[in-house]
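# Structural overview
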Amino acid sequence: MEDTTRRQLMTIATAGVAASVATSAGAQPEQQPRGGKQNPRDKYPKPPFPPQSQPFPGLAGQMTPRPDHGELSYVGSGRLRGRKALITGGDSGMGRAAAIAYAREGADVAINYLPAEEPDAREVVELIRRAGRTAVPIPGDLRSADFCRSLVDQAVQGLGGLDTVVSNAGHQKSNASILDISDEAFDWTIKTNIYAPFWIIKAALPHLQPGSVIIGTTSEQAYDPSSDLYDYAQTKAATMNYVKSLAKQLGPKGIRVNGVAPGPIWTPLQVSGGASEGKVVTFGATAPLGRPGQPAELAGIYVRLAEDDGSYTTGNIYGAGGGQGQP
Amino acid sequence: MSNSRLLIASAAFAILIGGGRASSAQPTKPMPTRDFVQAAQASDAYEIGAAQDAITQSHDPQVQAFAQQMIRDHTRTSQTLRQAVRASGMTPPPIALNDDGEKMLSALQSLREPDFDKAYWRQQALAHQSALAVEQDYASTGADFNIRRAAQSAVPIIQQHLQMAQQMQAAP
């Protein structure tokens, strides 16, 4: 679909969801999965992108072009029927793509996000409800152990249980030098990316029955870090690592633990400090597919790792890197 | 900043692109047309990507002016080459970075001032050195008439770029 048309349709579909998309409650713009094939190079916008920056944490709705989280394209088929999922960072990026996909696959979804991300989160809540599922928005900062425990409590209450934990929220700040990173800034990254998953998984575990899943968002940065992501990259290596240790620990309990490792994906993380301004303009240019990925292109991975059909996959990292990086 | 990584990548880039042949000795075999076209296009793609990064990332007016010129000139050389390829009845391959262009651009993307400008000039001097060697090689020994002419027209442009980049690299 030509980029301008797609952008217009997405703006209509998400900015004025209740009014503009003329379908009956619970129905989707497209009922049939698309199938077929397209040239992946041409599916989505290529660099150069307009120079842009937003104050942290940034909104997907304010990015140019808007990221595609699958609002118009994702069609479910009951793969997560009856499931109850908590997704951190569910307002934008891969978390949003997962939230939309999960709802369309039949799951009830709780999303956590920062209060400043409310405008994006409102759209996701609306999309979950239009799919006929329960949406539980739980704003709050993950850097507090108390909030993380409260988050899980509220999710369990709102969903009536919990069987899928997607630890996806991340803090990323690009710094050319380690000398530029203050104690507070380092703490911010470590608390969000390492401590919060620890607190959330601990709080969730008593509620997770056999067959439940935990999914962590790691990154190609875990395997080949960039010079300007000294703190962020090591947290992604930590995530990749905890997926594997927890999978061993929880295998006997029938709980699967997996990770998703994206390459460069077009999300607010990049325009709110995660990448230098020059990198934003050329984002994804280094990938063999010639462009960054869109969150919609990873939704299916989050579904796959959660669904019961994938029951032998645990301790594994699934990538989507556009041809660059590992795994 | 990954200085050594950058230098290694740059050196590898130079060798791969054919920098090793930029001596007065005759090459043992003329560069195949396909190889030349891919190498020249990869070079243009890197130049344009690096320039786009530089325009946004650098605060130095000289860097920005040079980068604007790189976009203009390398867009033009790329178009000229592709037209020549079509004129000879061939289909131009997709424009893509090669491995070393990818490494160089990736290294550049992680940099900020003041390291950015220094790295940009260093990369530009190296990249144009290699590109010049490639263009000169095909310009004198290349098999296809149209594409040889395209290479010949690119040589003075790249020579000018190289001179500017070397001057800026040498400046304190």
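## Describing the overall build of chain B
- Check the secondary structure of chain B and you find 6 helices and 0 strands.
- Put simply, chain B runs from its N terminus to its C terminus through helices and strands in the order α-α-α-α-α-α.
- For chain B, buried positions account for 51% of its 172 residues.
- Element-wise, carbon and sulfur atoms account for 54% of the exposed surface of chain B, whose accessible area totals about 8,000 Å².

## Examining the nonpolar core
Residue and element names in this part refer to chain A.
- If you look at the biggest cluster of nonpolar residues, it comprises 35 residues, and the most contacted ones within it are Leu86, Leu142, Val152, Leu162, Ile200 and Ile214.
- Among the elements of the structure, strand E3 (135-139), helix H5 (145-159), helix H6 (183-204), helix H7 (230-250) and strand E6 (256-262) are those that each provide at least two residues to this core.
- Those residues in contact with Val152 that sit more than four places away from it in its chain are Leu86, Leu162, Ile200, Ala203, Ala204 and His207.

## A short note on the interface of chain A and chain B
- Counting from both sides, the interface comprises 19 residues of chain A and, opposite them, 16 residues of chain B.
- Together, the buried faces of chain A and chain B total about 1,500 Å²; carbon and sulfur atoms form 48% of this surface.
- The tally of links from chain A across to chain B stands at 0 salt bridges.
- Viewed at the interface, chain B and chain A are joined by 7 residue pairs in polar contact (both at pLDDT 80 or more).

## Some thoughts on the layout of surface pockets
Residues and elements named next belong to chain A.
- Each pocket or cavity is described by its volume, and for the second largest pocket that value is around 730 Å³.
- Lys43, Tyr44, Ser73, Ala296 and Glu297 are, among the 31 residues lining the second largest pocket, the residues nearest its centre.
- Considering each element in turn, the lining of the second largest pocket owes the most residues, 4 residues, to helix H10 (residues 296-306).

## Some words on the packing of aromatic side chains
- In total, this model carries 10 aromatic pairs over all chains according to the counting rule given.
- An aromatic cluster is built from Phe66(B), Phe116(B), Tyr120(B) and Trp121(B), whose rings are joined through pairwise contacts.
- Seen from the ring of Tyr195(A), Lys191(A) lies directly overhead, with NZ or CZ sitting 5.8 Å from the centre.

## Observations concerning unusual backbone geometry
Residue and element names in this part refer to chain A.
- Residues Phe56 and Pro57 are joined by a peptide bond in cis, for which omega reads 5°.
- Looking along the chain, the bond that leaves Thr64 and enters Pro65 is cis, with omega of -5°.
- Note on placement: Pro65 falls in the loop between helix H2 (17-20) and strand E1 (84-88).

## Some details on helix H3 (residues 93-104) of chain A
Residue and element names in this part refer to chain A.
- With 12 residues, H3 should cover 16 Å at 1.5 Å per step; its first-to-last C-alpha distance of 17 Å lies within 8% of that length.
- Taken together, the buried positions of H3 are occupied by Gly93, Met94, Gly95, Arg96, Ala97, Ala98, Ala99, Ile100, Ala101, Tyr102, Ala103 and Arg104.
- Looking one or two places after H3, you find Gly106, whose phi comes out positive at around 105°.

## Notes on the packing of helix H2 (residues 33-57) of chain B against helix H3 (residues 61-87) of chain B
Residues and elements named next belong to chain B.
- Running from N to C, H2 and H3 cross one another at 155°; their axes reach a closest spacing of 8 Å. Relative to H3, the element H2 is oriented roughly antiparallel. In this structure, H2 crosses over H3, and the sense of that crossing is left-handed.

## Some points on the confidence of the model for chain A
- Summarising the model, chain A shows a mean pLDDT of 92, and 91% of its residues fall at 70 or more.
- Residue range residues 15-27 of chain A is modelled with pLDDT below 50. Its contacts to residues more than four positions away, or to other chains, number 19 contacts.

## What about the pattern of salt bridges?
All names here are of chain A.
- For the structure on display, the rule yields 17 salt bridges over all chains.
- Between Arg304 and Glu307 there is a salt bridge, with the nearest N and O atoms lying 2.7 Å from each other.
- Here Arg304 falls in the partly exposed class, since its relative accessible area comes to 30%.
- With a relative accessible area of 5%, Glu307 lands in the buried category.
- Salt bridges sharing partners connect three or more residues here, namely Arg66, Glu71, Arg96 and Glu123.

## Quick word on H2(B)
- With 25 residues, H2(B) ought to run about 36 Å at 1.5 Å a step, and its terminal C-alpha atoms sit 36 Å apart, in line with that.
- Counted residue by residue, H2(B) has 19 buried out of 25 residues, so it is predominantly covered.

## Structural notes on a nonpolar patch on the surface
- A cluster of nonpolar side chains, Ile178(A), Leu179(A) and Tyr230(A), forms an exposed patch at the surface whose accessible area comes to about 360 Å².
- Relative to the assigned elements, Ile178(A) resides in the loop between strand E4 (164-167) and H6.

## A closer look at the environment of Gln62(A)
- Relative to the elements of secondary structure, Gln62(A) occurs in the loop between H2 and E1.
- Excluding residues within four positions of it along the chain, Gln62(A) makes contact with Gln52(A) and Gln54(A).

## Here's the deal with the pairing of strand E2 (residues 108-113) of chain A
Residues and elements named next belong to chain A.
- In terms of burial, E2 is largely enclosed, as 6 of its 6 residues are buried.
- The alternating pattern of E2 places Asp108, Ala110 and Asn112 on one face and Val109, Ile111 and Tyr113 on the opposite face, and all of these are buried.
- Pairing geometry for E1 and E2, over 5 bridges, is parallel. In the sheet register, Ala85 faces E2, and the bridge partner there is Val109.
- Each parallel crossover has a hand, and the one from E1 via H3 to E2 is right-handed.
- In this sheet, E3 lies alongside E2 in parallel orientation, the contact comprising 5 bridges. Looking at the pairing, Ile111 lines up with Pro137 of E3.
- Handedness of the crossover joining E2 and E3 through helix H4 (residues 118-130): right-handed.

## Structural notes on the confidence of the model for chain B
Residues and elements named next belong to chain B.
- For chain B, mean pLDDT is 88; residues scoring 70 or higher make up 84% of the total.
- Across chain B, H3 holds the top mean pLDDT of 98, while helix H1 (residues 3-17) sits lowest at 52.
- Within the model, the stretch residues 18-23 combines pLDDT values under 50 with 9 contacts to residues more than four positions away or in other chains.
- Confidence metrics for the complex model read pTM 0.87 and ipTM 0.81.

What counts and how
Residues numbered from 1 in each chain as written. Chains lettered and ligands numbered in written order. Predicted model: local features only at pLDDT ≥ 70, side-chain atom pairs only at ≥ 80, totals over all residues. Heavy atoms only, no water. Helix = DSSP H or I, 4+ residues; strand = E, 2+ residues; numbered from the N terminus. Buried < 20%, exposed > 50% of the residue type's maximum accessible area, 1.4 Å probe, protein only. Areas by Shrake-Rupley, 256 points an atom, 1.4 Å probe, with all protein chains shown as cover. Core = buried A, V, L, I, M, F, W, Y, C linked by side-chain atoms within 4.5 Å. Contact = heavy atoms within 4.5 Å. Buried area = accessible area lost by both parts, 1.4 Å probe. Salt bridge = Lys/Arg side-chain N within 4 Å of Asp/Glu carboxyl O. Polar contact = N/O pair within 3.5 Å; in protein donor to acceptor, adjacent residues only side chain to side chain. 1 Å grid on protein atoms, 1.4 Å probe; cavity = no way out; pocket = protein on both sides within 12 Å on 5 of 7 lines; lining within 4 Å. Points joined across faces, edges and corners; volume = space filled by probe spheres on them. Phe/Tyr/Trp six-rings, centres within 6.5 Å; stacked < 30°, edge-to-face > 60°. Lys NZ or Arg CZ within 6 Å of the ring centre and 35° of its normal. Expected span 1.5 Å × (residues − 1). Axes fitted to C-alpha atoms, helices over the stretch in contact; angles between N-to-C directions. Parallel < 35°, antiparallel > 145°, perpendicular 65-115°, else oblique. Left-handed = near helix turned anticlockwise from the far one by under 90°. pLDDT = per-residue confidence, 0-100. Patch = residues over 30% accessible without salt bridge, like charges linked within 9 Å, V, L, I, M, F, W, Y side chains within 5 Å. Pairing = 2+ DSSP bridges. Right-handed = clockwise from strand over helix to strand, strands pointing away.

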